[in-house]
Amino acid sequence: MDSLLFHPKLVHLPIALAVLMPLIAGGLLLAWWREWLPRRAWLGAVLLQLVLVVSGVGALWSGEADEDRVERVVAESYIEAHEHAAKRFVLASGVVLGLMLIGVAVSEKRFGRAVAGVATAGTLGVLALGYQTGEAGGRLVYTHGAAQAYQGTSFQKDMPTVAATAEEDDDDD
C-alpha cells in the first residue's frame, strides 16, 4: 500500500469500531447474562476491541509520520490537539480491552459479568473520545486546510479530471 495519504485511509476503522462496540459489547453481555450464548461469546467483543486498539495505534503512528508535512500548512497547536485526542482515544481503548480480558479471565465467576459490564460502559467513553478525535481531525482538513499539504504530489497528478464542455452538454439534449 502506498504511504501517500495512509493516515486518512486507516483512521476510519477504529472510529467505526468505536461506534459499533457499545452495541456489540452490550448485545454480547446481555446474551451472556441471559444465557442465550455461552460465556465464550464474549471473546467476540474482546477480539473486536483488540482490532480497535491495534488499528488505533496504527492510525496514531501514521498521523505522526504525516505530521511534519502537514505542519507546513496548519499551525502545530491544531495538530497537537488532534494528536492528544487520538492518544486519549487509544489509551482508553486499551483500558477497555484490559477490562474485557479480565472479564474473560474471571468469566466463571459472577464477578466476570460485572467486569464485562464496566467494560461495556467503557465503550461509551471510547465512543465519545473517538468522536472528539475525529472532530479534531476533520477540523484539520476542512477548516484549517491540512489537505493542501498534499497538493502538487503525484497523487494529485494521477487523479482524473473531469470537465464538462459545452459540446458535451449539447449532446445530451
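Scroll up a little and you will see the structure.
Because the structure is a prediction, the values reported are computed rather than measured.

Novice: Teacher, can you tell me more about the packing of aromatic side chains here?
Specialist: Here the distance between the centres and the angle between the planes together describe a pair of aromatic rings. As enumerated under the stated definition, the model contains 1 aromatic pair in all. Judged by centre distance (6.0 Å) and plane angle (40°), the rings of Trp-32 and Trp-42 are tilted. Of this pair, Trp-32 sits in helix H2 (residues 12-33) while Trp-42 is found in helix H3 (residues 42-71), placing the two residues 10 residues apart along the sequence. With relative accessibility at 4%, the residue Trp-32 sits in the buried group. Assessed through its relative accessible area of 1%, Trp-42 is described here as buried.

Novice: Help me understand the layout of surface pockets in this model?
Specialist: Rolling a probe over the atoms, with the probe sized like a water molecule, indicates the empty space that remains. Of the pockets and cavities examined, the largest pocket occupies roughly 890 Å³. Along the walls of the largest pocket sit 33 residues, with His-7, Pro-8, His-82, Gly-137 and Val-141 positioned nearest its centre. When residues of the lining of the largest pocket are traced back to their parent elements, those giving at least two are helix H1 (6-10), H2, H3, helix H4 (76-105), helix H5 (110-143) and helix H6 (154-158). If one sorts the elements of the lining of the largest pocket by residue count, H3 sits on top with 8 residues. Taken together, the residues of the lining of the largest pocket break down into 19 nonpolar, 10 polar and 4 charged.

Novice: Even after reading the chapter, I still don't get the nonpolar core, so can you show me in this structure?
Specialist: Within soluble globular proteins, side chains that are nonpolar generally end up buried alongside one another. Membership of the largest hydrophobic core comes to 22 residues, with the highest contact counts inside it found for Trp-42, Ala-45, Leu-52, Phe-89, Met-100 and Val-126. Those elements that place two or more of their residues in this core are H2, H3, H4 and H5. Per-element tally for this core: the top contributor is H2, with 7 residues. Within the second largest apolar cluster, 7 residues are counted, among which are Val-70, Ile-79, Leu-140 and Ala-146.

Novice: Explain H3 here, please?
Specialist: Along an α-helix, a turn takes 3.6 residues, which lines up residues three or four apart on a common side. Under the 1.5 Å per step criterion, the end-to-end length of H3 is 42 Å for 30 residues, consistent within 8% with the ideal 44 Å. Of all the bends in H3, the greatest measures close to 35° and is centred on Ala-65.

Novice: How should I be thinking about the environment of Val-53 in this particular structure?
Specialist: Mapped onto the elements of the fold, Val-53 is located in helix H3. Among residues more than four places away in sequence, those in contact with Val-53 are Ser-93, Gly-94 and Leu-97.

Novice: What am I meant to see in H4 here?
Specialist: In this model, H4 (30 residues) spans 43 Å end to end at C-alpha, consistent with the 44 Å of a helix rising 1.5 Å per residue. Burial in H4 covers these residues: Ile-79, His-82, Glu-83, Ala-85, Ala-86, Phe-89, Val-90, Ser-93, Val-96, Leu-97, Met-100 and Gly-103. Taken together, the buried residues of H4 touch H1, H2, H3 and H5.

Novice: When you look at the pattern of salt bridges in this model, what are you seeing that I'm missing?
Specialist: Once their charged atoms are close, side chains differing in charge can pair, the charge on each being opposite to the other. A complete count under the given rule lists 2 salt bridges for this structure. Between Glu-83 and Lys-87 there is a salt bridge; the shortest N-O distance is 3.4 Å. Of the two residues, Glu-83 and Lys-87 are both situated in helix H4; the distance of 4 residues between them amounts to about one turn of the helix. We classify Glu-83 as buried; its relative accessible area is 14%. Here Lys-87 falls in the partly exposed class, since its relative accessible area comes to 38%. A salt bridge links Glu-135 to Arg-139; the nearest nitrogen and oxygen atoms lie 3.9 Å apart. Of this pair, Glu-135 and Arg-139 both sit in helix H5, 4 residues apart, roughly one helical turn. In this structure Glu-135 comes out as partly exposed when scored by relative accessible area, which is 38%.

The rules we used
Per chain, the residues get numbers from 1 upward, laid out in the order the sequence is written. Two thresholds apply to this predicted model, a pLDDT of at least 70 for residue-level local features and 80 or more for giving and counting side-chain atom pairs, whereas whole-chain, interface and lining totals are computed over all residues. Each side-chain value is worked out from all heavy atoms of the structure, with water and hydrogens disregarded. To pair, rings of Phe, Tyr and Trp, with the six-membered ring standing in for Trp, must have centres within 6.5 Å; the planes then decide the type, stacked if under 30 degrees apart, edge-to-face if over 60, and tilted in the middle. The secondary structure listing takes helices from DSSP runs of H or I that are at least 4 residues long and strands from runs of E that are at least 2 residues long, numbered from the N terminus. Exposure categories follow from relative accessible area, calculated using a 1.4 Å probe and restricted to protein chains: below 20% of the type maximum is buried, above 50% is exposed, and the middle band is partly exposed. Points on a 1 Å grid, built from protein atoms alone, make a cavity when a 1.4 Å probe fits but cannot get out and make a pocket when they are open with protein on both sides within 12 Å along at least 5 of 7 lines; residues with an atom within 4 Å of a point are the lining residues. Grid points are joined across faces, edges and corners, and a volume is the space filled by probe spheres set on the points. When residue character is reported, Ala, Val, Leu, Ile, Met, Phe, Trp, Tyr, Cys and Pro are called nonpolar, Asp, Glu, Lys and Arg charged, and the others, Gly included, polar. To define a nonpolar core, start from buried Ala, Val, Leu, Ile, Met, Phe, Trp, Tyr and Cys residues and group those joined through side-chain atoms within 4.5 Å. Expected span of a helix: the number of residues minus one, times 1.5 Å. Fitting axes to the seven residues that end at a residue and to the seven that start at it, the angle between those axes gives the bend at that residue. The contact rule is simple, with two residues in contact once any of their heavy atoms fall within 4.5 Å. Any Lys or Arg side-chain nitrogen found within 4 Å of a carboxyl oxygen on Asp or Glu counts as a salt bridge.

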